[in-house]
Amino acid sequence: MIAIDWGTTSFRAYRLDARGAILETRCAPKGILSVPAGGFAAVLDEQIRGWNERPVVMSGMIGSRQGWREAPYVPCPAGFDEISAALREVRKGIWVVPGVSCRGDAGVPDVMRGEETQVLGAERDGLLCLPGTHSKWVEVRAGRIERFSTAMTGEVYAVLKSHTILGRMMEEGSNTNADAFRRGVERSGEPGGLLHHLFGVRTKGLMGELDAAAASSYLSGLLIGHEIRAVGQRSFMVLGERRLAELYSAAAAALGCETERLDATSGTRALFRLGVMLRGKEES
């Protein structure tokens, strides 16, 4: 079968063997925002040309209202059975995976698309952190997503760097400054709150206490520190691409939290299992 992660800005396809192992991978900057109306079928055909396996199971924003066809959110608690029942076929043998929704203690809705396959594919119970533009904190019990919350940490970091006065004090370096990052994490626990702490990124630079090349690392540590403290858990698993996973693990260590890194390719395992479930339905 073919497993696809089709997000807002990128397209990743995985050709899998009969046991779900990855045989071949293809990636392209062909996220849904770059595809003209009615053009999803053509982009898919182009990207998987020569791959004839079926089914094709796609997760991510391709199943959103702005994607090929909307697959409505499945409410929590949600596992493979609930998600499999809500798959949507967009073309013969080609399916999109629904997202998952929940409500917090205050009744405010939260949603995810794409992360649910990573979480279920990890096959681990407990608290999982999926760092990113919109970080997800997901509670899994008995193989089902019970609840989750989203933090816009990555997007806020990008906005503050690109569109506020804080960014004018920064020189982008190729590597994270570990000391500045740790100082930002530690600052997140001091009095004053996030909005006050953010202005300190500027004033520390003005007073020569924060080098321009280290300012972005300090800001990153500050935001991630606030995010982890808000969750209030002493141990969790981290599931994501290497650079971000390392940052969250480092921040957690500075806060005295224990973390475990999980395989970032877990999403393909979940898509493979959904494909097997589809075949079972067709044969029965």
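We now turn to the structure provided with this report. (Residues numbered from 1 in each chain as written. Predicted model: local features only at pLDDT ≥ 70, side-chain atom pairs only at ≥ 80, totals over all residues. Heavy atoms only, no water.)

Observations regarding helix α5 (residues 178–187)
Here is step 1 of the chain: Restricting attention to buried positions, one finds in α5 the residues Ala180, Phe181, Gly184, Val185 and Arg187. For α5, the angular spread of the buried residues around the axis is 165 degrees, confining them to a single face.
Here is step 2 of the chain: On its buried face, α5 is in contact with α6 (193–206), α7 (215–231) and α8 (242–254).
Here is step 3 of the chain: Capping of α5 at its N-terminal end is provided by Asn177; its side-chain oxygen lies 3.2 Å from the backbone amide nitrogen of Asp179. (Buried < 20%, exposed > 50% of the residue type's maximum accessible area, 1.4 Å probe, protein only. Helix = DSSP H or I, 4+ residues; strand = E, 2+ residues; numbered from the N terminus. Arc of directions from axis to C-beta. Contact = heavy atoms within 4.5 Å. Polar contact = N/O pair within 3.5 Å; in protein donor to acceptor, adjacent residues only side chain to side chain.)

Concerning the packing of aromatic side chains
Here is step 1 of the chain: Under the definition given, this model contains four aromatic pairs.
Here is step 2 of the chain: For the ring pair Trp6 and Phe40, a centre distance of 5.7 Å and an interplane angle of 80 degrees mean the geometry is edge-to-face. With Trp6 in strand β1 (residues 2–6) and Phe40 in helix α1 (residues 40–47), this residue pair connects regions lying 34 residues apart in the sequence.
Here is step 3 of the chain: Judged by its relative accessible area of 0%, Trp6 falls in the buried class.
Here is step 4 of the chain: For Phe40, a relative accessible area of 7% puts it in the buried group.
Here is step 5 of the chain: One aromatic cluster is present, built from ring pairs that chain together Trp6, Phe11, Phe40 and Trp68.
Here is step 6 of the chain: Taking the ring centre of Tyr73 as reference, the NZ or CZ of Arg113 above it sits at 4.3 Å. (Phe/Tyr/Trp six-rings, centres within 6.5 Å; stacked < 30°, edge-to-face > 60°. Lys NZ or Arg CZ within 6 Å of the ring centre and 35° of its normal.)

Some remarks on the nonpolar core
Here is step 1 of the chain: Val57, Val97, Val119, Leu128, Val138, Phe148 and Leu274 are the most contacted members of the largest nonpolar core, which totals 33 residues.
Here is step 2 of the chain: Counting residues per element, the ones that place at least two in this core are β2 (11–16), α2 (80–85), β8 (100–103), α3 (115–122), β10 (126–130), β11 (135–141), β12 (144–151) and α9 (266–283).
Here is step 3 of the chain: When residues of this core are assigned to their parent elements, the largest contribution, five residues, is made by α9.
Here is step 4 of the chain: The contacts of Val57, once residues within four sequence positions are left out, are Met1, Ile2, Ala3, Ile4, Trp95, Val97, Leu271, Leu274, Gly275 and Leu278.
Here is step 5 of the chain: Counting residues in each nonpolar core, the second largest holds 19 residues, with Ile32, Val35, Val43 and Ile48 among its members. (Core = buried A, V, L, I, M, F, W, Y, C linked by side-chain atoms within 4.5 Å.)

Concerning the pattern of salt bridges
Working definition: two side chains of opposite charge can pair if their charged atoms are close together.
Here is step 1 of the chain: One pass over the full model with this rule turns up 15 salt bridges.
Here is step 2 of the chain: Among the ionic contacts, a cluster of salt bridges with common partners joins Arg15, Glu24, Arg26 and Glu53. (Salt bridge = Lys/Arg side-chain N within 4 Å of Asp/Glu carboxyl O.)

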